[in-house]
Amino acid sequence: MKLSTIHSTLSELGTQPTRSLGQNFLHDQNLAEWMVAQLSIQPGESWVELGPGLGALTEYAHRKSTNGLLIEKDGRLAGFLSQKYPQLEVVHGDACEFDVRKLFAGGPVKVFGNLPYYVSSQILFQFTNEPSPVCALSFTLQKELAQRLSAEPRTKEYGALTLILGRRWRVKYLRTLPPSVFTPAPKVDSAVVLLTPRERGELPECDGGRFVTMVKQGFSQRRKQLRKMLVSHELDWPAVCAQLGVEETVRAEELSLAQWIELTNLASRHAGGPEFAIGHKQAQDVHGEIFDVVDEADQVVGQASRHEVHTRKLHHRAVHLFVFDKHGQLFLQKRSRWKDKHPGLWDSSAAGHVDSGETYDQTAARELAEELGVSADVEPLGSLPASDATGWEFIRIYKAQHSGPFRLPPAEIESGTFFALDQIDRWSGARPGDFAPGFLECWRVFRGARNE
Ligand code: SAM
C-alpha cells in the first residue's frame with residue numbers, strides 16, 4: 001500500500017495509528033508482495049492473516065486465493081477490510097484469543113502477518129503449539145525475536161525459545177527490514193521469518209514435556225554449568241557427557257538441538273520413562289498380539305494373530321473410547337505416522353483391539369491407561385456391528401470423563417487435544433479423509449444417539 005493511500009485511508013476512517021495496538025503500516029509494496037510470495041499460496045488454499053491493518057499484505061494474498069481469514073483487533077480497520085474484501089472472512093477480534101482448532105476444518109493452512117510486537121511471542125506459540133493445523137507460517141517480528149528463533153548454539157541469542165520452537169519447526173530468517181518501510185516508523189529493526197513443520201523422522205522423538213522442562217532449567221542461569229542446573233534429574237553426569245561427546249563443564253548454550261533431544265532421552269531412560277527411539281519397523285512389531293476371532297453374532301470361534309485377522313478380514317473385537325473434559329469437549333488423538341493402519345489420521349481418544357480372552361470392558365480400561373496414561377470410570381456409549389467400514393471389527397464405544405493431562409505414547413500417538421463437538425462436526429463433514437474410518441463410524445453412532 002502506498003504511503004499516500006495509507007494516510008488518506010486513515011483520514012477517511014477518521015483514525016490515526018494507535019501505538020498501543022502496534023500499528024506500523026507497511027508502505028513498501030514490493031516488500032509486501034515478496035512477503036506473501038514466500039508462502040506460495042495456491043488458488044483455493046486456506047490462509048489466515050493476523051493483524052492485517054489496512055491490507056498491505058492482504059491485497060497480494062487475496063490475488064492468490066480468496067479462501068482467506070483476517071483477524072484484526074481494531075474495529076474501524078476490520079470494518080474497512082470487510083467492505084474492501086467481501087469474499088474474505090473478517091474477524092474483528094484479538095488474534096491471541098482466536099481458537100486455532102477451528103482451522104482444522106479448512107485443511108492445512110498458511111498463516112502470516114506483520115505482527116504487533118507486544119503480542120508476537122504469544123501469537124507465535126498459539127499457532128505453532130501441537131497439534132497445529134498450520135503448514136507454513138511467515139511473520140514479521142522484532143529483529144531481536146527473529147534472531148532468537150533462528151539462532152545457532154554458542155551465541156547469545158540461542159536459548160530456550162530457539163530450542164522449544166525449533167524441535168517442531170524449521171525456522172528460516174529471511175531478511176531484515178529497516179524501520180523506514182513502515183509508517184509510523186518503529187524504533188527498532190524488524191525481520192521476516194518463515195516456519196515450516198519438521199518432517200517426522202527429521203529429528204529423534206523425545207518426551208516433549210520433559211524436553212521443555214529441561215531446556216528451561218538449563219537456560220534459567222545460562223552462564224552456569226549444565227550439570228548444576230539439572231541436578232534434580234540425578235543423572236550420571238560423566239556418562240551422559242561421554243554419550244553426548246561434550247565436556248562435563250558444558251553450558252546449556254553449547255548443546256545443539258539434537259544433543260538436547262538426546263539428553264532428554266537419557267533423562268527419560270534414567271527416570272524409567274518410555275522409549276522414544278521408535279522407527280517404522282519397531283512400531284509395527286509392537287503388535288505381536290493374538291485376538292479372538294468371532295462369528296457374525298460376535299461369539300468367539302477361535303484365535304488368530306493380528307496379521308492373520310487383518311489380511312484374512314476375520315471378524316474380531318475392538319473398543320473406542322470417547323474421553324470428555326469437564327466442558328463436554330472430546331479429546332481426539334492424532335495417530336502416529338509410524339502406525340501400520342491409518343497413519344497420521346485423527347482418531348477416538350483411545351482405541352484398541354480386544355486381546356484373546358479379554359472382555360470389552362477390560363480392554364476399555366486397559367486402553368485408557370496404555371494410550372492416555374490415566375484411569376477413569378468407563379461407561380458404554382454404543383456399539384457397531386462388524387463391517388467393511390469398521391475393518392471387520394465389532395466395536396463397543398465407551399465414554400469417560402477426564403480433563404488430562406495425558407501421557408501419550410509417541411510410538412502410537414503423535415499428539416492430541418480436546419475439541420468442541422460442533423468443531424468435530426464441521427471438520428469431519430468437510431474433511432472426512434482426516435479421520436480414521438473407525439472413528440467416523442463411532443462419531444455417527446454418538447451423534448445419532450444424541451440427536452434422537
Ligand atoms: N499488516 C498491516 C501492515 O503490514 O501494514 C498492519 C501491521 S501492524 C504492525 C499490526 C496490526 O495488528 C494492526 O493493524 C493492529 O491493529 C493489529 N493488531 C494489534 N493487536 C492485535 C491483536 N491482538 N489481534 C489482532 N490484530 C491486532
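This is a predicted model, so every value here is computed, not measured.

Definitions and cut-offs
- Residues numbered from 1 in each chain as written.
- Predicted model: local features only at pLDDT ≥ 70, side-chain atom pairs only at ≥ 80, totals over all residues.
- Heavy atoms only, no water.
- 1 Å grid on protein atoms, 1.4 Å probe; cavity = no way out; pocket = protein on both sides within 12 Å on 5 of 7 lines; lining within 4 Å.
- Points joined across faces, edges and corners; volume = space filled by probe spheres on them.
- Helix = DSSP H or I, 4+ residues; strand = E, 2+ residues; numbered from the N terminus.
- Nonpolar A, V, L, I, M, F, W, Y, C, P; charged D, E, K, R; others polar.
- Near = heavy atom within 4 Å.
- Polar contact = N/O pair within 3.5 Å; in protein donor to acceptor, adjacent residues only side chain to side chain.
- Areas by Shrake-Rupley, 256 points an atom, 1.4 Å probe, with all protein chains shown as cover.
- Sits in = over half its atoms within 2 Å of the grid points.
- Expected span 1.5 Å × (residues − 1).
- Contact = heavy atoms within 4.5 Å.

## Comments concerning empty space enclosed by the protein
- Summed over the entire model, instances satisfying the criterion amount to 4 cavities of 30 Å³ or more.
- Here the largest cavity is characterised by a volume of approximately 420 Å³.
- What lines the largest cavity is a set of 33 residues, and nearest its centre among them are Leu21, Gly22, Gly51, Asn114 and Pro116.
- Counting residues per element, the ones that place at least two in the lining of the largest cavity are β1 (25-26), β2 (46-50) and β3 (68-72).
- Each residue belonging to the lining of the largest cavity can be placed in one class, and the counts come to 20 nonpolar, 9 polar and 4 charged.
- At the level of elements, α2 (29-37), β5 (109-114) and β6 (134-142) are the ones that each hand at least two residues to the lining of the second largest cavity.
- Its residues placed into classes, the lining of the second largest cavity shows 6 nonpolar, 4 polar and no charged.

## What about the site of the ligand?
- The local shell around the ligand holds 22 residues, among which Gln23, Glu72, Asp94, Asn114 and Tyr118 are the closest.
- Aspartate 94 is positioned with one of its side-chain polar atoms (N or O) 2.8 Å from a nitrogen atom of the ligand.
- Taken by itself the ligand offers 600 Å² of open surface, and the protein chains cover 98% of this.
- Most atoms of the ligand, that is more than half of them, are within 2 Å of grid points of the largest cavity.
- When residues of the shell around the ligand are traced back to their parent elements, those giving at least two are β1 and β3.

## A closer look at helix α14 (residues 360-372)
- In a regular helix each residue adds 1.5 Å, so 13 residues correspond to 18 Å; α14 covers 18 Å between its end C-alpha atoms and thus fits that length.
- Turning to α14, the residues buried within the fold contact β12 (316-324), β13 (330-335), β15 (350-353), β17 (393-401) and β18 (413-419).
- The first or second residue beyond α14 is glycine 373, which carries a positive phi of 70°.

## A few points about the layout of surface pockets
- Volume-wise, the largest pocket comes out at about 970 Å³.
- Taken together, 34 residues form the lining of the largest pocket, with Glu130, Arg167, Gly208, Gly209 and Ser415 sitting closest to its centre.
- Broken down by element, the residue count for the lining of the largest pocket peaks at 6 residues, all from β18.
- Broken down by class, the residue content of the lining of the largest pocket amounts to 17 nonpolar, 9 polar and 8 charged.

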